[in-house]
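# Survey of secondary and tertiary structure
The chain contents come next:
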Amino acid sequence: MGVGVTTEGIELPSVGNTLTLHETAFIEAFNLKAAFEFDIQNPKGAREALTDMPPRNESELDAITLHNQAILNMDINPTEGFEKLQFLLSQTPFPPETFGNLLLLYCKYECYDLAADIMADYAHLTYKHLSTFMYDFFDALITQQTSPEEAYRKFDELANRTAEALRKHTKQVQEAKTGGQDALASKLCTEYDEMLTSKYIPVLMAQAKIFWEKENYPQVEKIFRKSVEFCNEMDIWKLNVAHVIFMQENKFREAASFYEAIVKKSYNHILDVSAIVLANLCVSYIMTGQNEEAEELMRKIEREEEHISFENPDQKLFHLCIVNMVIGTLYCAKGNYDFGISRIIKSLEPYNKKLGTDTWFYAKRCFISMIEKGVKHLTSIRESVFADCVQFLEHTETYGRNVKTVIESPLEVSPIHLGKNTVTYEARLLKALILRLLEQ
């Protein structure tokens, strides 16, 4: 039947939708395995479960397999994923999860107009396939585009409703434990966790996002503080509280305490921690005079990267690079371009391993800031720094031909010209600006 051959990279002709294949129940089994792997947050294992299936042509795939392929490969090929889900929605019947998942993914990629169109075009499906909570949640997300105030009110109603249900569950758990009903208490705890992660947290984050985008960080902090009753043990809550405290630029010690709680959990596998978390923790240490702690953390990251590079020389590792770039950005923001720019340039060496979309984003912001200050004569920058910048931009021009500057939405109506969406193109522009500045 060719089970597992596709995963191994071997191409075989389709086995077709034969009676023999149906009797083996291989397709159902592998779809169930994929769902299990996805549920335990092992996306690689889930994708392998689908490719382990007996080979079939895409036109021969059943609706469940097509749906699962779309969901599990969305991060790799979102355009194809959306096409598959849109196709399934036009079929009768289709997997009932298709409608809600398509709406969720449209909102994830901030295609709110498309989400609104789907809800209008398939209004009869909203009552059939969406719970009251999900309908209200999507309605608030879409409303946010035209009226953030009204959206906040809708999210607040949802949050209050869910909070009340969580308190009710807490009371029921206590009563069950008091009555010696351990099985019931366990069931209620599971329901509580599910409600917290699938309802309360998404609403909370959507509320906070409204003020985050307005850079009203004190208000975002207030929203998070209100939820401490339910969320104080959750890493996702701690992470976002840390970010919003960090962005206020006057509470670095408090931000460090939140970041430390996250980092300590994965300290022995430090590269599993997001690079920006490590970078912000280092900056918090520096801003509170804890330079030794910052240096120790960076040495730890460096040792981990060296270990991985020894085992896999071709793997790109960005953690230490991003940490150094954020620190360089800090010095540039304080007006010390001599040190800040030099740190950024060194952090991207070797260019073939360190130059990427995210690292270039941090680097170019500092160069643009330096050029702007130089043009306005707001700061004095040594010519040797400009010379280093020109040399650096020549190197990035060489190595950045295939590095995108923007990861576009898969449903972008007016995509950026391929020649302009590269580090090479932007490096040339920055180099031209610096040379013009030197001529003044």
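Description of the structure in this document. Along each chain, residue indices are assigned from 1 in the same order as the chain's sequence is written. Totals for whole chains, interfaces and linings use every residue, but because this is a predicted model, local features are given only for residues with pLDDT of at least 70 and side-chain atom pairs only at 80 or more, for both listing and counting. Water and hydrogen atoms were dropped before computing side-chain values, which therefore reflect all heavy atoms in the structure.

### What to know about the overall build of the protein
A run of DSSP states H or I qualifies as a helix once it reaches four residues; a run of E qualifies as a strand once it reaches two. Both are numbered from the N-terminal end. Tallying secondary structure elements over the protein gives 23 helices and zero strands in all. Expressed along its principal axes, the backbone C-alpha trace of the protein runs to roughly 75 × 60 × 45 Å. Residue exposure (1.4 Å probe, protein chains only): buried if accessible area is under 20% of the type maximum, exposed if over 50%, otherwise partly exposed. The buried share of the protein, taken over its 440 residues, is 43%. Within the protein, contacts between residues separated by at least 24 positions form 61% of all contacts whose residues are at least 6 apart in sequence. Here, residues are in contact when the closest pair of their heavy atoms is within 4.5 Å.

### A word on the nonpolar core
By size, the foremost hydrophobic cluster in this structure holds 114 residues, and its most contacted members are Ile-341, Phe-367 and Met-370. Among the elements that take part in this core, helix H11 (residues 182-212) stands out by supplying 12 residues, more than any other. Each nonpolar core is a collection of buried residues, namely Ala, Val, Leu, Ile, Met, Phe, Trp, Tyr and Cys, held together in the definition by side-chain atoms within 4.5 Å. Judged by nonpolar contacts, the second largest core, of nine residues, contains Phe-30, Ala-34, Ala-49 and Met-53.

### Let's talk about the packing of aromatic side chains
Within a pair of aromatic rings, the relevant descriptors are the distance that separates the centres and the angle that separates the planes. Aromatic pairing here means that ring centres of Phe, Tyr or Trp (its six-membered ring) are within 6.5 Å. Orientation follows from the plane angle: under 30 degrees is stacked, over 60 is edge-to-face, and everything else is tilted. Within this structure, the stated rule accounts for 17 aromatic pairs. Each ring, one from Phe-246 and one from Tyr-259, has its centre 6.3 Å from the other, and the planes form 70°; the classification is edge-to-face. Of the two residues, Phe-246 sits in helix H14 (residues 235-247) while Tyr-259 sits in helix H15 (residues 252-265), which places them 13 residues apart along the sequence. As far as the burial class goes, Phe-246 and Tyr-259 line up, both buried. Note that Lys-199 overlies the ring of Phe-133, its terminal NZ or CZ placed 5.4 Å from the centroid. For a ring to carry a charge above it, either NZ of a lysine or CZ of an arginine must fall within 6 Å of the ring centroid while also lying within 35 degrees of the normal to the ring plane.

### Some words on unusual backbone geometry
Comment: phi is negative for the bulk of residues other than glycine, and the bulk of peptide bonds are trans. Following Thr-92, the chain continues into Pro-93 via a peptide bond in cis, with omega recorded as -5°. Structurally, Pro-93 is set in the loop between helix H5 (78-89) and helix H6 (97-108). Residues Glu-349 and Pro-350 are joined by a peptide bond in cis, for which omega reads -5°. Relative to the elements of secondary structure, Pro-350 occurs in the loop between helix H19 (337-347) and helix H20 (351-354).

### Let's talk about the environment of Ser-90
Tracing the backbone shows Ser-90 in the loop between H5 and H6. Ser-90 sits in the partly exposed class, given a relative accessible area of 46%. In terms of polar contacts, Ser-90 uses its side chain to reach the backbone carbonyl oxygen of Phe-87, at 2.5 Å. Polar contacts, as used here, are pairs of N or O atoms within 3.5 Å; protein pairs need one atom able to donate a hydrogen and one able to accept it. Residues neighboring in sequence count only if both atoms are side-chain atoms.

### Points about the pattern of salt bridges
Here a salt bridge means any side-chain nitrogen of Lys or Arg lying within 4 Å of a carboxyl oxygen belonging to Asp or Glu. Applying the stated criterion across every chain, the model contains 27 salt bridges. Note that Arg-382 is salt-bridged to Asp-338, the shortest N-O span being 2.9 Å. Separated by 44 residues along the polypeptide, Arg-382 in the loop between helix H21 (357-375) and helix H22 (383-399) and Asp-338 in helix H19 bring together distant segments of the chain. Put simply, Glu-221, Arg-225, Lys-251 and Glu-254 are held in one network by salt bridges that share partners.

### Some details on the environment of Asp-52
Within the secondary structure layout, Asp-52 lies in the loop between helix H3 (43-51) and helix H4 (63-72). Spatially, the C-alpha atoms of Asp-52 and Ile-27 are 9.5 Å apart, while their sequence positions differ by 25 residues.

### Quick notes on the packing of H11 against helix H12 (residues 217-226)
What counts as an axis is a line fitted to C-alpha atoms, over the stretch in contact for a helix, and the angles between N-to-C directions run from 0 to 180 degrees. Contact geometry of H11 with H12 gives a least axis separation of 8 Å together with a crossing angle of 165°. Between H11 and H12, the angle falls in the class roughly antiparallel. Crossing of H11 against H12: the hand is right-handed. Residues Leu-204, Met-205, Gln-207, Ala-208, Phe-211 and Trp-212 of H11 pack against Tyr-217, Gln-219, Val-220, Ile-223 and Phe-224 of H12. Tallied by class, residues from the contact of H11 with H12 come to nine nonpolar, two polar and no charged. Each angle gets one of four labels, with under 35 degrees taken as roughly parallel, over 145 as roughly antiparallel, 65 to 115 as roughly perpendicular, and the rest as oblique. Handedness of a helix crossing follows the sense of rotation of the near helix relative to the far helix, less than a right angle counterclockwise being left-handed and clockwise being right-handed. Gly falls in the polar group here, along with every residue not listed as nonpolar (Ala, Val, Leu, Ile, Met, Phe, Trp, Tyr, Cys, Pro) or charged (Asp, Glu, Lys, Arg).

### Looking at the side chain of His-243
The residue His-243 is located in helix H14 in this model. Under the relative-accessibility criterion, His-243 is labelled buried at 18%. Once residues within four sequence positions are removed from consideration, His-243 is found in contact with Trp-212, Tyr-259, Ile-276, Val-277 and Asn-280.

### With respect to the environment of Tyr-362
Following the sequence through the fold, Tyr-362 ends up in helix H21. Between the C-alpha atom of Tyr-362 and that of Pro-148, which follows or precedes it by 214 residues, the distance is 29 Å.

### Comments concerning H19
Along H19, the residues classified as buried are Tyr-337, Gly-340, Ile-341, Ile-344, Ile-345 and Ser-347. End-on, the buried residues of H19 take up no more than an arc of 165°, which puts them together on one face. Contact partners of the buried residues in H19: helix H18 (319-333), H20, H21 and H22. The directions from the helix axis to the C-beta atoms form the arc being described.

### Some thoughts on helix H9 (residues 132-143)
One less than the residue count of a helix, multiplied by 1.5 Å, gives the span that helix is expected to have. The end-to-end C-alpha distance of H9 is 16 Å, a good match for the 16 Å that 12 residues give at a rise of 1.5 Å each. Buried within H9 we find Phe-133, Phe-137, Phe-138, Ala-140, Leu-141, Ile-142 and Thr-143.

### Description of the side chain of Thr-424
Mapping Thr-424 onto the fold places it in helix H23 (residues 423-439). Residue classification places Thr-424 among the buried positions, given a relative accessible area of 4%. A polar atom in the side chain of Thr-424 sits 3.3 Å from the backbone oxygen of Gly-400. For Thr-424, the residues in contact, after removing those within four places along its chain, are Thr-396, Glu-397, Gly-400 and Arg-401.

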